[in-house]
Amino acid sequence: MTSSRPSRRIPGWGQPARLITRLILLGIGLGVISGSALKLLAPQVRQQQLALPEWLAKQPWIESITPKAATQSDSAAAKAPLAPLRNTGLPQHPFAPRQEIPALSQRWIQQAATQPDLQVSAYMLILDDGRFAQMHAHRPMPAASSIKTPILLAVLERIDQGTLQWNEPLTLTKELVGGGAGWMASRPLGSRFPTYEVATEMIRVSDNSATNLMIARAGGQDAINARFQALDLPSTVVNNWLPDLDGTNTTSARDLSRAIALVDSGESLGPRSRDLFREVMATSVTNTLLPTGLMRGLGGAQGAPDSALARKGYRVFNKTGDIGTAYADAGLIELPDGRRAVAGFLVKGPFNDPRSTEMIRQLAAAMAPHLKPKPAPAKP
């Protein structure tokens, strides 16, 4: 016979354990759901497109995905201009003569006096400290091919302005064909050459047809002369197409030096055009005047001027001129200690007189002692 009364359960830990288990599983489930939701909503939270309850936003693990409020100092820093990077490279110096070197100026005068039938002009400026020497430096003299240096400057200015492209083709016409130096004159009329080739050949082998192409592309003789005046090159004037054997195109030792300094100092050209100027000037093949004279003046081992100077830590970017009755050379001189100088020399005399070229070498040699590098500081 069975009893109709329900069985009595013995009290114990079974019921609380099951409750705790359910709570744990519920908590895990809510955590998974909440985590998934926050993961999906994190981008909106970061971009402050979704506001969280204050109690939730203060949780440490929520702060990691929310942006910090901008403080007043943060806002000021954001609005303040970025500080310029400290220039750790070699400084640039403008064309700014400050103190004459009388010993060198007087030495040049003495050298020129040994050949009284030659007209001589000379100028040198150390860009870093403004020391300079001069002798008839402002006198307009036949430029010959040395005028191609300021012409290159005027052309590269147009590249900076965006009115000329470095690869723009230029067409050879009859009026632009120039005899003498260079090979472009031998090409058929209507031949087209990219600007970079024209500019390079104008300096590399002193191509006269290339020079005429450059003058024409710069706006013609009147336009390029106006630009020379604006650049404070008062003695530099193009009066005739190259080769100008009569010497009607003029410049001065000071003008040639200034034209080169304007580029090196950044006063005229931007960084890329300045690089182009130096690259083109480095192609010049004639180094028998200024570089040879400088090499002589420095003494020591001689040889080919460019390599001999390089062994001493010097480099010269120069362009010569030669029409038989007039000779010229001007260039940028890099010194072993990083300083730079510009120098220009012009001589006019009898046709093909070797004394003219030798005079330029002697003048360059005389300035060499003033271009010796400063001693490097001793290591501590």
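For the structure given in this document, a descriptive report is provided here.

Thresholds, definitions, all that
- The residue numbers shown here count from 1 along each chain, following its written sequence.
- In view of the model being predicted, local features appear only for residues whose pLDDT reaches at least 70, and side-chain atom pairs are presented and counted only at 80 or more, with totals across whole chains, interfaces and linings using the full set of residues.
- Water and hydrogen atoms were dropped before computing side-chain values, which therefore reflect all heavy atoms in the structure.
- Helix and strand labels come from DSSP, where a helix needs a run of H or I of at least four residues and a strand needs a run of E of at least two; each type is numbered from the N terminus.
- Buried residues are those whose accessible area, probed at 1.4 Å on protein chains only, stays under 20% of the maximum for their type, while exposed residues exceed 50% and partly exposed ones sit between those limits.
- Residue contacts follow a heavy-atom distance rule, with two residues in contact if any of their heavy atoms lie within 4.5 Å.
- Should DSSP find at least two bridges between two strands, the strands are regarded as paired.
- The term nonpolar core refers to a set of buried residues drawn from Ala, Val, Leu, Ile, Met, Phe, Trp, Tyr and Cys, joined through side-chain atoms within 4.5 Å.
- Pairs of N or O atoms are called polar contacts if they sit within 3.5 Å, as long as, within protein, a hydrogen donor faces a hydrogen acceptor (for residues adjacent in sequence, only side-chain-to-side-chain pairs).
- Geometry of aromatic contacts follows a simple scheme: Phe, Tyr and Trp rings, the Trp one being its six-membered ring, pair when their centres are within 6.5 Å, and the pair is stacked under 30 degrees between planes, edge-to-face over 60, tilted otherwise.
- Counted as over-ring charges are cases with an Arg CZ or a Lys NZ within 6 Å of the ring centre that also lie within 35 degrees of the ring normal.

What about the side chain of Thr149?
Tracing the backbone through its elements, the reader meets Thr149 in helix H6 (residues 148–161). Taking relative accessible area as the criterion, Thr149 reaches 3% and is therefore assigned buried. Residues in contact with Thr149, not counting those within four places in the same chain, are Ile260, Phe277, Met281 and Lys319.

Things to note about the pairing of strand E2 (residues 119–126)
Where burial is concerned, most of E2 is hidden: seven out of the eight residues are buried. When E2 meets strand E10 (residues 340–348), the two strands line up antiparallel, connected through eight bridges. Its bridge partner lying in E10, Met124 is registered against Ala343. Here E2 runs beside strand E3 (residues 131–135); their pairing, made up of four bridges, is antiparallel. In the sheet register, Tyr123 faces E3, and the bridge partner there is Gln134.

Comments concerning the nonpolar core
Judged by nonpolar contacts, the single largest core of 55 residues is most densely connected at Ile151, Leu152, Val198, Leu213 and Met214. Counting residues in hydrophobic clusters, the runner-up holds 35 residues, among them Val120, Met135, Val347 and Leu371.

Looking at helix H8 (residues 208–217)
Counting buried positions along H8 yields eight of ten residues, so the element is predominantly enclosed. Asn208, Ser209, Ala210, Thr211, Asn212, Leu213, Met214 and Ile215 are the residues of H8 that are buried. Against the buried residues of H8 lie H6, strand E5 (169–171), strand E6 (192–194), helix H7 (195–204) and helix H9 (221–230). Taking the backbone nitrogen of Ser209 as reference, a side-chain oxygen 3.0 Å away marks Asp207 as the first, capping residue of H8. Looking one or two residues beyond H8, the residue adopting positive phi is Gly219, at roughly 110 degrees.

Observations concerning the packing of aromatic side chains
This model, assessed by the stated rule, comprises four aromatic pairs. Seen from their ring centres, Tyr123 and Phe132 are 6.3 Å apart, and the 25 degrees between their planes marks the pair as stacked. Each of the two residues, Tyr123 as well as Phe132, counts as buried. In this structure an aromatic cluster arises from ring pairing among Phe95, Tyr123 and Phe132. Over the face of the ring belonging to Phe317 we find Arg278, whose NZ or CZ atom lies 4.5 Å from the ring centre.

Brief notes about the environment of His93
Following the sequence through the fold, His93 ends up in the loop between helix H4 (72–79) and strand E1 (99–100). Taking relative accessible area as the criterion, His93 reaches 21% and is therefore assigned partly exposed. For the pair His93 and Asp129, spaced 36 residues apart in the sequence, the C-alpha separation amounts to 8.4 Å. Not counting residues up to four positions away in its chain, the partners in contact with His93 are Leu127, Asp128 and Ser265. A distance of 3.4 Å separates polar atoms of two side chains, one belonging to His93 and the other to Asp128.

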